[in-house]
Amino acid sequence: DFAKSKSLAQQRQYLPIFTVRDDLLQVVRENQVIVVVGETGSGKTTQLTQYLHEDGYTSTGVVGCTQPRRVAAMSVAKRVSEEMETDLGDKVGYAIRFEDVTGPNTIIKYMTDGVLLRETLKDADLDKYRVIVMDEAHERSLNTDVLFGILKKVVARRRDFKLIITSATLNADKFSKFFGGVPIFHIPGRTFPVNIMFSKTPCEDYVEAAVKQAMTIHITSGPGDILIFMTGQEEIEATCYALAERMEQLISSSTKTVPKLEILPIYSQLPADLQAKIFQKAEEGARKCIVATNIAETSLTVDGIFYVIDTGYGKMKVDNPRMGMDALQVFPVSRATADQRAGRAGRTGPGTCYRLFTESAYQNEILPNPVPEIQRTNLGNVVLLLKSLRVENLLDFDFMDPPPQENILNSMYQLWVLGALNNVGGLTEIGWKMVEFPLDPTLAKMLLMGEQLGCLDEVLTIVSMLSVPSVFFRPKDRAEESDAAREKFFVPESDHLTLLNVYLQWKSNQYRGDWCNDHFLHVKGLRKAREVRSQLLDILKTLKIPLTSCHMEWDVVRKAICSAYFHNSARLKGVGEYVNCRNGMPCHLHPSSALYGLGYTPDYVVYHELVLTTKEYMQCVTAVDPQWLAEMGPMFFSVKETDTSLLDHKKRQKEEKTAMEEEME
Ligand code: ADP
Ligand code: MG
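Residues numbered from 1 in each chain as written. Chains lettered and ligands numbered in written order. Predicted model: local features only at pLDDT ≥ 70, side-chain atom pairs only at ≥ 80, totals over all residues.

Enquirer: Sorry if this is basic, but what is going on with the overall build of the chain here?
Expert: Counting its secondary structure elements, the chain contains 25 helices and 21 strands. Taken over C-alpha atoms, the radius of gyration comes to 26 Å for the chain, in line with the 26 Å a tight globule of 665 residues would show. A principal-axis box enclosing the C-alpha atoms of the chain has dimensions of 85 × 70 × 55 Å. The buried share among the 665 residues of the chain stands at 45%. When contacts within the chain are restricted to residue pairs at least 6 apart in sequence, those whose partners lie at least 24 apart make up 72%. (Helix = DSSP H or I, 4+ residues; strand = E, 2+ residues; numbered from the N terminus. Rg over C-alpha atoms; globule rule 2.2 N^0.38 Å. Buried ≥ 20, exposed ≤ 12 C-beta atoms within 10 Å, placed from the backbone. Contact = placed C-beta atoms within 7 Å.)

Here you go:
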């Protein structure tokens, strides 16, 4: 009701940060760097930038605000543009990878930390910015951590530049120390007690448990919205589906009228218009039930939540040395994260948090704090970026928490095999080109191989399709129909070529939306791919790389695909069962793959990524000729599981050389 009855200006004045506005601006005036700490929902993200604007900082530059998550950047920019009564993209805008909604008038710019990081490549001193707010620093995303080191240098070089780091209570001291003991400004909190209920026994199926709990709350508890934490899109969809089903059963079996339950999913790949729905008030007499990933922990604040259901799990990107690559894996969350989740129930009034795990697990089994991303992920992109910023020795870079040396060496080894680094760890010509693309090193490599092999046009489309969420639409109630539609696009032995085929057919149907609907394809995803394609094409143009085509000679394209995935090649072991060529890790063909129903299985394949669900599934697979793999790197078939570092490789090279010399003699 608050949101409806009060104007936006009144709502702004009601936020906790408003009570300390003038003090805060005073501290900003007196210091070059400060840390701001406040509870989620106190107004840091939406208000700080506006205060800085009101205090005159935007007359000499842009106020930038970084977010670890793209959804947050978009949603907050939209909110602030409404509060400032300007069109989104005018005075207030946002930029995320492949999507820049800013203009010449933009004075407040929200962006992902990755976008700002890439901007430092073009302008090391970030001259267009007067102030940077590094928001949600406590999340310790990989890019935020690298930015810390880079911005510290900018602060030293530019006296006119200000840096504000905002954080939930966690880590504030550490941030302050990193910049030499800068002031920490606390925003007084306004929170209510949250009653914590633990599960008596460990629960086996937390989707089912969460659905049951939500239904119980809905039927027996007083008003207030529900927030459920799940780990990812698939689970969220399953939960929403089960909730809807349960509601239907209830309505048909009950003689009384059952109050409405508005079931709202939120995850990063959800289209923006659906995301915005979580902020809208439920209709009269209805209750909202938001089913979210960890995005709702701190990045997005929804008012009116009285009940939190916490599965105790979240997805994290980890570099699995056995796989030699990043994979999203489900982990128990830390105690700090569980507490943060519980806190979401106490923003508007006293609330309750139902934890679907035991008190003993909370006390004894889970980590006190989350592990920073930089210590657990593949650093390929970071290494490329820092190398191009002429940081020669990565072990010397000013990291707040340096990544394990082994991680750095692993990533360097991978870049070396991709041809991005030379034998002494410097960028090669290909490496310099790869930095230009806002892509993972593998996809950048694929593009550049497309150039070499004369099939850039085809590869460009594949890379664009791989950069957007899956375009295949598979509604649960029409699964068979949609699977049949999908099969029509199959190019034998290749999911990558299948993606290319989808795009080409869409193109020859004049990029029509109704054609997509008829073929069970997400039109938004395809449009996005088209946009990504045109942006990548612009970069290719500036690099003066011509768009060559092999006129769909599949084998040529397949070879370019193969070149990018040296570390993701697998050989057949049993029916539908493969093992990674490099380390023997098992990996399985997914039933949705174009290779699944062939009637035979190719001996060698490469895959885009590995997804861990019930099994290790290869996502997006292409059959390849083992000869190509051998051509691309004779060494890599012999690489054993343990020696994947550059050093080990050098040692091995030496050993091989010695062996050869001995033989010659
Ligand atoms: P903090 O960054 O301190 O967590 P925010 O500035 O994000 O706080 O949020 C302040 C208030 O603005 C919250 O009460 C939140 O509900 C509201 N708000 C933020 N984003 C939106 C949005 N996109 N739509 C509606 N309300 C929003
Ligand atoms: Mg915030």
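The structure having been displayed, the exposition proceeds.
Enquirer: How should the packing of helix α18 (residues 456-466) against helix α22 (residues 523-542) be read in this particular structure?
Expert: At a closest axis distance of 8 Å, the pairing of α18 and α22 adopts a crossing angle of 125°. On the basis of their axis angle, the class for α18 and α22 is oblique. The way α18 lies across α22 gives a crossing that is right-handed. Together, Leu460, Thr461, Val463, Ser464 and Met465 of α18 and Ala529, Val532, Arg533, Leu536 and Leu537 of α22 make up the contact between the two elements. Here the residues of the contact of α18 with α22 sort into 7 nonpolar, 2 polar and 1 charged. (Axes fitted to C-alpha atoms, helices over the stretch in contact; angles between N-to-C directions. Parallel < 35°, antiparallel > 145°, perpendicular 65-115°, else oblique. Left-handed = near helix turned anticlockwise from the far one by under 90°. Nonpolar A, V, L, I, M, F, W, Y, C, P; charged D, E, K, R; others polar.)

Enquirer: Sorry, what's going on with the sheet that holds strand β5 (residues 108-112) here?
Expert: What links the strands of a sheet is backbone hydrogen bonding, and the strands pair in either a parallel or an antiparallel sense. Strand order in the open sheet formed by 8 strands is β4-β3-β5-β2-β6-β7-β1-β8, and the pairing between neighbours is mixed. The open sheet has two edge strands with one neighbour each: β4 (99-101) and β8 (184-186). Neighbour-to-neighbour, the strand axes of this sheet turn through a mean angle of 20°, independent of strand direction. As paired elements, strand β2 (residues 62-67) and β5 share 5 bridges and run parallel to each other. Within β5, the position partnered with Thr66 by the bridge is Met111. Set on the sheet, helix α7 (residues 142-157) makes contact with β1 (33-37), β2, β6 (129-134) and β7 (162-167); between it and β6 the angle comes to about 145°. (Pairing = 2+ DSSP bridges.)

Enquirer: In this structure, what is going on with the packing of helix α17 (residues 441-453) against helix α23 (residues 554-564)? I would like to understand it.
Expert: How two helices pack is summed up by the angle between their axes together with the distance between the axes. One way to put it is that α17 packs onto α23 with a least axis distance of 8 Å and a crossing angle of 145°. With respect to the hand of their crossing, α17 and α23 are arranged in right-handed fashion. Across the interface between the two elements, Thr442, Leu443, Lys445, Met446, Met449, Gly450 and Leu453 from α17 touch Val556, Lys559, Ala560, Ile561, Ser563 and Ala564 from α23. Residue classes in the contact of α17 with α23 are distributed as 8 nonpolar, 3 polar and 2 charged.

Enquirer: Help me out: how do you make sense of the site of ligand 1 in this one?
Expert: The full set close to ligand 1 counts 17 residues, and Lys44, Thr45, Thr46, Arg79 and Phe279 are the nearest of them. Those elements giving two or more residues to the shell around ligand 1 turn out to be α4 (44-54) and α5 (70-83). Its residues assigned to classes, the shell around ligand 1 shows 3 nonpolar, 10 polar and 4 charged. (Near = placed C-beta within 6 Å.)

Enquirer: I'm lost on unusual backbone geometry in this one. Help?
Expert: A negative phi holds for most residues other than glycine; trans holds for most peptide bonds. Phi angles above zero are rare outside glycine, and Tyr511 is one such case at about 55°. Positionally, Tyr511 belongs in the loop between α20 (495-508) and α21 (513-518). The phi dihedral of Cys620 is positive, around 60°, even though this residue is not glycine. You can see Cys620 is positioned in strand β21 (residues 616-623). What makes Cys620 buried here is the crowd of 25 C-beta atoms within 10 Å.

Enquirer: Quick question: what am I supposed to make of the UniProt feature "domain: Helicase ATP-binding" (unreviewed entry) in the chain here?
Expert: In this numbering, the UniProt entry assigns the feature "domain: Helicase ATP-binding" (unreviewed entry) to residues 25-188. Annotated as 39% helix and 24% strand, the span residues 25-188 places its first and last C-alpha atoms 15 Å apart. (UniProt positions renumbered as here; feature names shortened; annotations may be inferred.)

Enquirer: Would you mind showing me how to read the nonpolar core here?
Expert: If you look at soluble globular proteins, the nonpolar side chains tend to sit buried side by side. Ranked by internal contacts, the top residues of the largest apolar core, which has 170 residues, are Ile228, Cys289, Leu447, Val459, Val463 and Tyr607. Non-local contacts of Val463, meaning those with residues more than four positions away in its chain, are made with Leu439, Leu443, Met446, Leu447 and Leu536. (Core = buried A, V, L, I, M, F, W, Y, C linked by C-beta atoms within 7 Å.)

Enquirer: Help me out: how do you make sense of the pairing of β21 in this one?
Expert: Within a regular strand, side chains alternate between the sheet's two faces. Relative to β21, strand β19 (residues 586-589) runs parallel, the two being bridged by 2 bridges. Bridging across to β21, His588 finds its partner in Tyr617. Here strand β20 (residues 604-612) runs beside β21; their pairing, made up of 7 bridges, is antiparallel. Looking at the pairing, Val611 lines up with Tyr617 of β21. Counted between consecutive antiparallel strands, the loop separating β20 from β21 contains 3 residues.

Enquirer: I would appreciate a short explanation of the environment of Pro402 in the present structure.
Expert: Positionally, Pro402 belongs in the loop between α14 (380-388) and α15 (405-417). Expressed as a C-alpha distance, the spacing of Pro402 and Val146, which sit 256 residues apart in the sequence, is 9.9 Å.

Enquirer: Any chance you could explain α15 here in plain terms?
Expert: Residues lying three or four places apart along an α-helix face the same way, a consequence of the helix completing one turn every 3.6 residues. Between its terminal C-alpha atoms α15 stretches 18 Å, which fits the 18 Å expected from 13 residues at 1.5 Å a residue. Where α15 is concerned, the buried positions are Asn407, Ile408, Leu409, Asn410, Ser411, Met412, Tyr413, Gln414, Leu415 and Val417. One or two positions beyond α15, positive phi appears at Gly419, with a value near 85°. (Expected span 1.5 Å × (residues − 1).)

Enquirer: Help me understand α14 in this model?
Expert: Across the 9 residues of α14, 7 count as buried, placing the element largely inside the fold. Residues Gly380, Asn381, Val382, Val383, Leu384, Leu385 and Lys387 constitute the buried set of α14. Where the residues of α14 are buried, they touch α6 (113-122), α7, α15, α16 (429-435) and α17. One or two residues past the end of α14 sits Arg390, with phi positive at roughly 65°.

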